[in-house]
Amino acid sequence: MRIAVTGSIAEDHLMTFPNRFADRLITERLDRISLSLLTDDLEIRYGGVAANIAFGLGSLGLDPLLVGAAGADFGGQEVWLKEHGVDTAGVRISDTLHTARFVCATDTEQNQLGFFYAGAMATAREIGLPELFARTGRPDLVVVSPDDPEAMVRHARECAQLGVPFVADPSQQLARLDREQARALLDNPCHLFTNEYEALLVQERTGWSEQQVLDRVGCWITTQGAGGSRIARAGHPTTRVAAVPPRRPVVDPTGAGDAYRAGFLTALAWGLDLGEGARLGSAVASVVLEHSGTQTYALDTDDLLDRLATAYGAGEIHRLIPRLGVPA
């Protein structure tokens, strides 16, 4: 299965705050916040949701096509992504704008404050999938992840016109989508990914109930952090899959959700079921939690299998074993 991933390509500026954000806030003055928080360190990493998902897919042996917009400063990240199996033929380069920037601080309780500068990402709306796929080949699945809102809607509609199944992963861009855009994005995707907060925001943005959303999406996957993930389908019992605990202290939660999606979609590309997708996604996410940055991890087959077996037992992962390169 060939997967195209549309969405943001960015550079992450990640900082650590050595206390709790809550301790610096005055409850009675939340309407007038003026804070300067001193952080311990700064790490500059490659990021962007689409790039992160594509990196994970490539690290698991797939050959994803990355579709998005970046600036002339994309060269270093492009080399890095290609070295990890990502086809960058779908990236549009702006001559005048920088690649998008994500600036984020994480406190001692893994709460985060983040800001995103779109930069070149704003030009992603100019990327047409029919023309791109005529040049690069038609994929079997398209992931529409956080991007310029007009680009997200355009790409979802173009997938419907082309008859290519697509996954809706609006994530942090939900807050920027108006009702018409949110409803357009949820016009019959085969899968919808959200976290718990975004699951509620989907309903607020669309004006649809949970059941009405389910009636429009083939499958709704909700990640719940340490609580695992929930898979809902209309007319089917909800499936709950436990998380894979990290083996080392959590360093940075940034990118864990993107890694989950990469593992989940890789399992589907291998012809496995939704539960197996959730298990593999959870294992990959547990690795990312142990690293600073979203594309700094390396996947080791033996380590992944050991994490999976410890969390779920050999009986639940027997079909994943040969796919991860170990004879059954």
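Counting from 1, residues in each chain are numbered in the order their sequence is written. With the structure being a predicted model, the display of local features is reserved for residues of pLDDT at least 70 and the display and counting of side-chain atom pairs for 80 or more, all residues being used for whole-chain, interface and lining totals. To get the side-chain values, take all heavy atoms of the structure and skip hydrogens and water.

1. Points about the packing of aromatic side chains
Any two of the Phe, Tyr and Trp rings considered here, Trp counted by its six-membered ring, make a pair once their centres fall within 6.5 Å; the pair's planes then place it as stacked at under 30 degrees, edge-to-face at over 60, or tilted in between. All chains considered together, the criterion is met by five aromatic pairs. Aromatic side chains F55 and W80 sit 6.1 Å apart centroid to centroid with 10° between the ring planes, which places their arrangement in the stacked category. One end of the pair, F55, is in helix α1 (residues 49-59); the other, W80, is in helix α2 (residues 75-83), and 25 residues separate them in sequence. Among the residues examined, F55 registers a relative accessible area of 0% and is labelled buried. Each residue is placed in one exposure class: buried if its accessible area under a 1.4 Å probe, protein chains only, is under 20% of its type's maximum, exposed if it is over 50%, and partly exposed if it falls in between. On the accessibility criterion, W80 (27% relative accessible area) is partly exposed. Seen from their ring centres, F55 and Y297 are 5.2 Å apart, and the 80° between their planes marks the pair as edge-to-face. Residue F55 is found in helix α1, and its partner Y297 is found in the loop between α9 (274-288) and α10 (301-312); the two are separated by 242 residues along the sequence. Here F55 and Y297 have matching classes, each one buried. An aromatic cluster of at least three residues, connected via ring pairs, comprises F55, W80 and Y297. Whether a charge sits over a ring comes down to the Lys NZ or Arg CZ being within 6 Å of the ring centre and within 35 degrees of the ring normal. Over the ring of W208 we find R216, and its NZ or CZ is 3.9 Å from the ring centre. Against the face of Y312 rests R279, its NZ or CZ located 5.8 Å from the ring centre. For helices the rule is a DSSP run of H or I covering at least 4 residues; for strands it is a run of E covering at least 2, with both sets numbered from the N terminus onward.

2. Let's talk about the nonpolar core
If you look at the biggest cluster of nonpolar residues, it comprises 55 residues, and the most contacted ones within it are I3, L57, L66, F264, L265 and L308. Elements that contribute at least two residues to this core include exactly β1 (3-6), α1, β4 (65-71), β8 (141-144), α8 (256-269), α9 and α10. The greatest single-element share of this core, amounting to nine residues, is contributed by α8. With near-sequence residues (within four places) excluded, I3 lies in contact with L57, L62, P64, L65, L141, V143, L265 and A269. What we call a nonpolar core is a set of buried Ala, Val, Leu, Ile, Met, Phe, Trp, Tyr and Cys residues that are connected through their side-chain atoms within 4.5 Å. Formed by 33 residues, the second largest nonpolar core is a distinct cluster that contains L65, L132, A168 and A232. By definition in these notes, contact holds between two residues if any of their heavy atoms fall within 4.5 Å.

3. Notes on the environment of T310
As for its position among the elements, T310 is in helix α10. Through-space distance from the C-alpha of T310 to that of P245 is 9.4 Å; in sequence the pair is 65 residues apart. A 3.5 Å cut-off defines polar contacts: any pair of N or O atoms within that distance qualifies, except that in protein one atom must be a possible hydrogen donor and the other a possible acceptor, and neighbouring residues in sequence count only when both atoms are side-chain atoms. Polar side-chain contacts of T310 include one of 2.8 Å to the backbone oxygen of D306.

4. Focus: unusual backbone geometry
Here the phi dihedral of Q110 falls at roughly 65°; this positive angle occurs in a residue that is not glycine. Along the polypeptide, Q110 turns up in the loop between β6 (100-106) and β7 (112-117). You can call Q110 partly exposed: its relative accessible area is 31%. Within the chain, N188 stands out as a residue other than glycine whose phi angle is a positive 65°. Along the polypeptide, N188 turns up in the loop between α5 (179-185) and β10 (191-195). N188 gets classed as exposed once you look at its relative accessible area, which sits at 52%.

5. What about the sheet that holds strand β12 (residues 229-232)?
A strand pair is defined by DSSP finding two or more bridges across the two strands. Strands sit in the order β5-β4-β1-β8-β9-β10-β11-β12-β13 across an open sheet of nine strands; the sheet is mixed. What marks the edges here is a single partner per strand, and that holds for β5 (87-94) and β13 (239-241). On average, each strand axis in the sheet is inclined to that of its neighbour by 20°, with strand direction left out of account. Judged from the six bridges that link them, β4 and β5 form a sheet pairing that is parallel. Here an axis means a line fitted to C-alpha atoms, over the contact stretch when the element is a helix, while the angle between two N-to-C directions is reported on a 0 to 180 degree scale.

6. Describing the packing of α9 against α10
Axis separation between α9 and α10 bottoms out at 10 Å; the angle between their running directions is 120°. Crossing angle aside, the handedness with which α9 passes α10 is right-handed. Each of R279, L280, S282, A283, V284, S286 and V287 in α9 lies in contact with α10, whose residues at this interface are D303, L304, R307, L308 and Y312. Three residue categories are used. Nonpolar comprises Ala, Val, Leu, Ile, Met, Phe, Trp, Tyr, Cys and Pro, charged comprises Asp, Glu, Lys and Arg, and polar comprises the others, including Gly. Residue classes in the contact of α9 with α10 are distributed as seven nonpolar, two polar and three charged. For any helix crossing, the convention is left-handed if the near helix is rotated counterclockwise from the far helix by under a right angle, and right-handed if that rotation is clockwise.

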